[in-house]
Amino acid sequence: MKYTIMTPGPTDVRENVMLSRAEKCTNPDLDLEFYDFYKETCEKIGKLLHTKNRVRILSGEGILGLEAACASLTENNDRVLVIDNGIYGEGFKDFVNMYGGNPILFKGDRGRAIDVNELKLFLDKDSNFKYATVVHCDTPSGVLNNIEEICKLLKSKGILTVVDTVSAMIGEEVKIDEWGIDIALGGSQKAISAPPGLSIVTISDDAMNAMKKRKQPIASFYCNLLIWENYYENKWFPYTMPISDIKGLATAIDNILDEGIENVISRHSNIGNAVRKTIIDAGLELNIIESDNSNTVTVVKIPEGICCNELLKILREKYNVFIAGSFGYLENKVLRIGHMGESAKVDKVTYTLLSLEMALKEVGFKCKVDLSKTFISYL
Ligand SMILES: *Cc1c(COP(=O)(O)O)cnc(C)c1O
């Protein structure tokens, strides 16, 4: 693998994670030690996210968690508040519809974080929702929403909270219990820096009770979060656990615990801040107002007249750097530098910015400053 992976997921994976995935397998359904290993790994994740809620690792990339939350909570005609200031934000309406619910969108400006005062005014008029969905970092645009204020507000109105923090958790602080997050969703391939393949779901008592009180059964087996309730006591998983994936994840989690979650988060904020400042000094433009960006990804508007795909091709073929374009309404309009997890390292970001400067020059855009030097000066 020759590439420097600087996409906002999948991210770079450390060697000890790859080696853990290569260990000999047991039968995870029958080997009782595996139940302890699974449970301990879940508890470690809970510690990183400051929660005593149950944590589950599901076999399937991040999207599985999003769908499982909606499948498990939604009953016919349930009113669900979908907080939308980005592509993933809006996307929740499809899962709500799929499971028979009635999504009501609260639309925010796509260039900045959700305005919590506006949301409060909206909820003062109408707060009759079973649950609300909100995205922490909406990765295609790079916006970071203030889920602390949003979830506290929603809980004060008696609304359950579902937070997609797939591309933020570990790179940004998440305090599940203090902030009142009923279901938090994560994935293995973003800031956790394990390969793709696993979803992480935390479930509060309030969310469990809502599932238990359902009149209609959950219309799914694979997406049914209730089915896991007593997996440990019963020594029963709903399906065979992908043991190698979970071993890799556990080592990635240990790497984070060894560095210390506070250190990991400040590493992301130092790098995120320095990248944003560098981009602005270069005469380039951020996609989101500077204060509202996630520290896990920087989304940059592509200068007038420059072809996104050509730029990405030069970076890939000449410099072996993978950065990403975007999709939906942002397709061909922005490029995204992922600096999350193992990719949020000074050496990798410095080389990426150096390569970006050269590639931009080749397509006719001259940066106003030396990107790599400027980046280092801001650290
Ligand atoms: C990556 C990501 C997901 C999960 O998407 P996958 O296609 O499964 O990787 C969900 N939500 C957000 C905000 C993400 O960035």
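Placed above this text is the structure.
Read on for a plain summary of the structure.

Focus: the pattern of salt bridges
Working step 1: For the structure on display, the rule yields 29 salt bridges.
Working step 2: Between Lys 212 and Glu 229 there is a salt bridge, with its nearest N and O atoms 2.8 Å apart. Of this pair, Lys 212 sits in helix H8 (residues 205-212) while Glu 229 is found in the loop between H8 and helix H9 (231-234), placing the two residues 17 residues apart along the sequence.
Working step 3: Under the relative-accessibility criterion, Glu 229 is labelled partly exposed at 31%.
Working step 4: Connected via shared salt-bridge partners are Asp 84, Glu 90, Lys 93, Asp 94, Lys 107 and Arg 110.

Observations concerning the side chain of Asp 292
Working step 1: The topology assignment puts Asp 292 in the loop between strand S11 (285-286) and strand S12 (297-301).
Working step 2: For the buried residue Asp 292, which engages in no salt bridge, the nearest side chain bearing the opposite charge is Arg 112, 4.9 Å off.
Working step 3: At 2.9 Å, the side chain of Asp 292 forms a polar contact with the side chain of Ser 291.
Working step 4: Not counting residues up to four positions away in its chain, the partners in contact with Asp 292 are Arg 112, Ala 113, Gly 142, Val 143 and Leu 144.

Points about the packing of aromatic side chains
Working step 1: Tallied over the full model, the rule gives 16 aromatic pairs.
Working step 2: Geometrically, the ring pair formed by Tyr 38 and Trp 228 is stacked, given 6.1 Å between the ring centres and 15° between the ring planes. Of the two residues, Tyr 38 is situated in helix H2 (residues 32-48) and Trp 228 in the loop between H8 and H9; the sequence distance between them amounts to 190 residues. Across the pair, Trp 228 and Tyr 38 agree in class, each one buried.
Working step 3: Ring geometry for Trp 228 and Phe 237: centres 6.2 Å apart, planes at 65°, overall edge-to-face.
Working step 4: With relative accessibility at 1%, the residue Trp 228 sits in the buried group.
Working step 5: A relative accessible area of 4% means that Phe 237 is categorised as buried.
Working step 6: Pairwise contacts between aromatic rings join Phe 34, Tyr 35, Phe 37, Tyr 38, Tyr 222, Trp 228, Tyr 231, Tyr 232, Phe 237 and Tyr 239 into one cluster.
Working step 7: Over the ring of Tyr 232 we find Lys 235; its NZ or CZ atom is 3.5 Å from the centre of that ring.

Section: the pairing of strand S4 (residues 102-107)
Working step 1: Sheet analysis places strand S3 (residues 79-84) next to S4, joined by 6 bridges and oriented parallel. Opposite Asp 84, over in S4, you have Lys 107 as the bridge partner.

Some points on the site of the ligand
Working step 1: All residues adjacent to the ligand are Glu 61, Gly 62, Ile 63, Tyr 88, Cys 137, Thr 139, Asp 164, Val 166, Ser 167, Gln 189 and Lys 190.
Working step 2: Here an oxygen atom of the ligand sits 2.3 Å away from a polar atom, N or O, in the side chain of Thr 139.
Working step 3: Here an oxygen atom of the ligand and a side-chain polar atom of Lys 190 are 2.7 Å apart.
Working step 4: Alone, the ligand offers 370 Å² of accessible surface; in the complex the protein occludes 86% of this.
Working step 5: Taken together, the residues of the shell around the ligand sort by class into 4 nonpolar, 4 polar and 3 charged.

Here we look at the sheet that holds S12
Working step 1: The 3 strands are arranged S11-S12-S14 in an open sheet whose pairing can be described as antiparallel. Both outer strands of the open sheet, S11 and strand S14 (334-338), are each paired with one neighbouring strand and no more.
Working step 2: As paired strands, S11 and S12 are joined by 2 bridges and run antiparallel to one another. Opposite Glu 285, over in S12, you have Lys 301 as the bridge partner.

Digging into the environment of Glu 357
Working step 1: Inspection of the secondary structure assignment puts Glu 357 in helix H13 (residues 346-362).
Working step 2: C-alpha of Glu 357 to C-alpha of Leu 371: the two residues are 14 residues apart in sequence and 6.5 Å apart in space.
Working step 3: Sequence-distant contacts of Glu 357, that is, excluding residues within four places in its chain, are made with Cys 367, Val 369, Asp 370, Leu 371 and Ser 372.

As for the environment of Ala 184
Working step 1: Looking at where Ala 184 falls in the secondary structure, it is placed in strand S9 (residues 183-187).
Working step 2: The class for Ala 184 is buried, based on a relative accessible area of 1%.
Working step 3: Taking C-alpha positions, Ala 184 is 9.2 Å from Val 174, a pair spaced 10 residues apart along the chain.
Working step 4: In this view, Ala 184 contacts Val 163, Thr 165, Ile 176, Ile 200, Val 201 and Thr 202; residues no more than four positions away in its chain are not counted.

Overview of unusual backbone geometry
Working step 1: In this model, Gly 9 is joined to Pro 10 through a cis peptide bond whose omega is -10°.
Working step 2: Here Pro 10 is to be found in the loop between strand S1 (4-5) and helix H1 (15-21).
Working step 3: One non-glycine residue, His 50, lies in positive phi territory at about 55°.
Working step 4: Here His 50 is to be found in the loop between H2 and strand S2 (54-59).
Working step 5: You can call His 50 partly exposed: its relative accessible area is 32%.
Working step 6: One non-glycine residue, Ile 170, adopts positive backbone phi at about 85°.
Working step 7: Secondary-structure assignment places Ile 170 in the loop between strand S8 (160-164) and helix H7 (176-179).
Working step 8: Its relative accessible area of 4% is what places Ile 170 among the buried residues.

Rules of the game
All residue numbers refer to positions counted from 1 along the written sequence of the respective chain. Owing to the predicted nature of the model, reporting of local features is limited to residues with pLDDT of at least 70; listing and counting of side-chain atom pairs is limited to 80 or more, with chain, interface and lining totals taken over all residues. For side-chain calculations, the full set of non-hydrogen atoms in the structure is used, while hydrogens and water are omitted. When a carboxyl oxygen of Asp or Glu lies within 4 Å of a side-chain nitrogen of Lys or Arg, that pair is called a salt bridge. Counting from the N terminus, the helices are the DSSP runs of H or I reaching at least four residues and the strands are the DSSP runs of E reaching at least two. Exposure categories follow from relative accessible area, calculated using a 1.4 Å probe and restricted to protein chains: below 20% of the type maximum is buried, above 50% is exposed, and the middle band is partly exposed. Counting rule for charge: Lys and Arg are taken as positive, Asp and Glu as negative, and neither His nor the chain ends is counted. What qualifies as a polar contact is a pair of N or O atoms within 3.5 Å, subject to a donor-acceptor requirement within protein and to the restriction that residues adjacent in sequence count only when both atoms come from side chains. Every residue pair with non-hydrogen atoms within 4.5 Å of one another is taken to be in contact. Only Phe, Tyr and Trp rings are paired, with Trp represented by its six-membered ring, and only when their centres lie within 6.5 Å; those with planes under 30 degrees apart are stacked, over 60 edge-to-face, the remainder tilted. When the NZ atom of lysine or the CZ atom of arginine is within 6 Å of a ring's centre and also within 35 degrees of its normal, the charge is said to sit over that ring. In this description, strands pair whenever DSSP reports at least two bridges between them. Think of it this way: one heavy atom of a residue within 4 Å of a molecule or strand is enough to make that residue near it. Values of accessible area rely on a 1.4 Å probe in the Shrake-Rupley scheme; residue burial ignores everything except the protein chains shown. When residues are grouped by polarity, Ala, Val, Leu, Ile, Met, Phe, Trp, Tyr, Cys and Pro land in nonpolar, Asp, Glu, Lys and Arg in charged, and all others, Gly among them, in polar.

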